[in-house]
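Listed below are the residues making up each chain.
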Amino acid sequence: MEFEPLSAKAVTVLGCGIDETGMLTDVIILGRFDLETDRISLLQIPRDTYIGDGYVTGKINAVYGHPKGDSGIQELKTLVEKQLQLPIDYTATITLSGLRSMVDAMGGVEVEVPFQMEYLPGMVLEEGKQRLNGEQAEWFIRYRKGYATGDIGRLGAQKEFLHGVLDAVRREGRLKSIQILLDHAGEVKTDLPLGQMASLANRAYQVPDSGVEFYLLPGRGTYHNGYSVYEADREALADLLNEAFRPVGEEVPPSQLEVAAVPLPPPEPEEPASEEEQPIEESAGEGNLPGDLIENPSAFPTD
């Protein structure tokens, strides 16, 4: 098998897993392969990341299925590039059915299941180390109801799964793994040329585990318009991108990132004071000469 030469110093790919409706990107990962240092950096972007109210739910996973002009994946690419101020070379998407068939072709993927998971009635993964087939892999990466942190817990499982994929690639061997990738190229939609894909896969196979780093887009969970959303931490995100995803000397300050901030809720209107809470009016009666200060604080409305 011949591989095309790689001339770029680094390649950045936006990879997405599409749910069964074909509308939502439940897995969003930005990967950068530094070909000069043989370092692979993978940024997990939570599906609930808030991007502004221009999209249905305000979440990033809604962009793919509700594009305003370009195709879904191209619009998502443009949005990520704009918000992170980071150019993306290629995109790739895979459906759940494609994921299942590729895992089966690899002979399964070994993961550590942290606790018993019941994805749906009758679809149960027992706690402990085990090799998952394609269907079970889908349960594992999509399950989230048992995590105290919800979708963030699920991102941890997806990271564990991807580590398992790397182990499976090494177990099956370079040539067989690349052949599996090429055999299933029809289940992966990408603008990455096939020859370049094979060359990158061949080069990535040579990267040791210590050269692969996973990162979670820093932020916090909150609520907006009735939806649970994830708000990016602009300062921490700028530091992370400058450290792991940008060439040395091309750092971008936090102020230039165009990540969206969740709007503050409008202030609640003040309720008028009740009759019992109305201030006592001064009178010229005995013991209350004009100009005296009222010394009864309970007579005033409280916050």
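Please read these numbers as outputs of a predicted model, since none were measured by experiment.

Asker: What should I look at first to understand the overall build of the protein in this one?
Answerer: Tallying secondary structure elements over the protein gives seven helices and 12 strands in all. In the protein, the share of contacts with a sequence separation of at least 24, taken over all contacts with a separation of at least 6, comes to 58%. Looking at the protein as shown, the accessible area adds up to about 16500 Å², and 52% of this sits on carbon and sulfur atoms.

Asker: Would you mind showing me how to read helix 3 (residues 134-142) here?
Answerer: Turn by turn, an α-helix covers 3.6 residues, leaving residues three or four places apart pointing in a common direction. By the criterion of burial, helix 3 is predominantly enclosed, with seven of the nine residues buried. Those residues of helix 3 that fall on the buried side of the exposure criterion are Gly134, Ala137, Glu138, Trp139, Phe140, Ile141 and Arg142. Residue Asn133 occupies the N-cap position of helix 3, its side-chain oxygen lying 3.2 Å from the main-chain nitrogen of Glu135.

Asker: In this structure, what is going on with the pattern of salt bridges? I would like to understand it.
Answerer: Tallying each qualifying case throughout the model produces 15 salt bridges. The residue Arg142 makes a salt bridge to Glu20 at a minimum N-O spacing of 2.9 Å. Here the residue Arg142 occupies a position in helix 3, and Glu20 occupies one in the loop between strand 1 (10-18) and strand 2 (25-34), the gap between them amounting to 122 residues. Residue class for Arg142 comes out buried when judged on its relative accessible area of 16%. For Glu20, a relative accessible area of 58% gives the class exposed.

Rules of the game
- Residues numbered from 1 in each chain as written.
- Predicted model: local features only at pLDDT ≥ 70, side-chain atom pairs only at ≥ 80, totals over all residues.
- Heavy atoms only, no water.
- Helix = DSSP H or I, 4+ residues; strand = E, 2+ residues; numbered from the N terminus.
- Contact = heavy atoms within 4.5 Å.
- Areas by Shrake-Rupley, 256 points an atom, 1.4 Å probe, with all protein chains shown as cover.
- Buried < 20%, exposed > 50% of the residue type's maximum accessible area, 1.4 Å probe, protein only.
- Polar contact = N/O pair within 3.5 Å; in protein donor to acceptor, adjacent residues only side chain to side chain.
- Salt bridge = Lys/Arg side-chain N within 4 Å of Asp/Glu carboxyl O.

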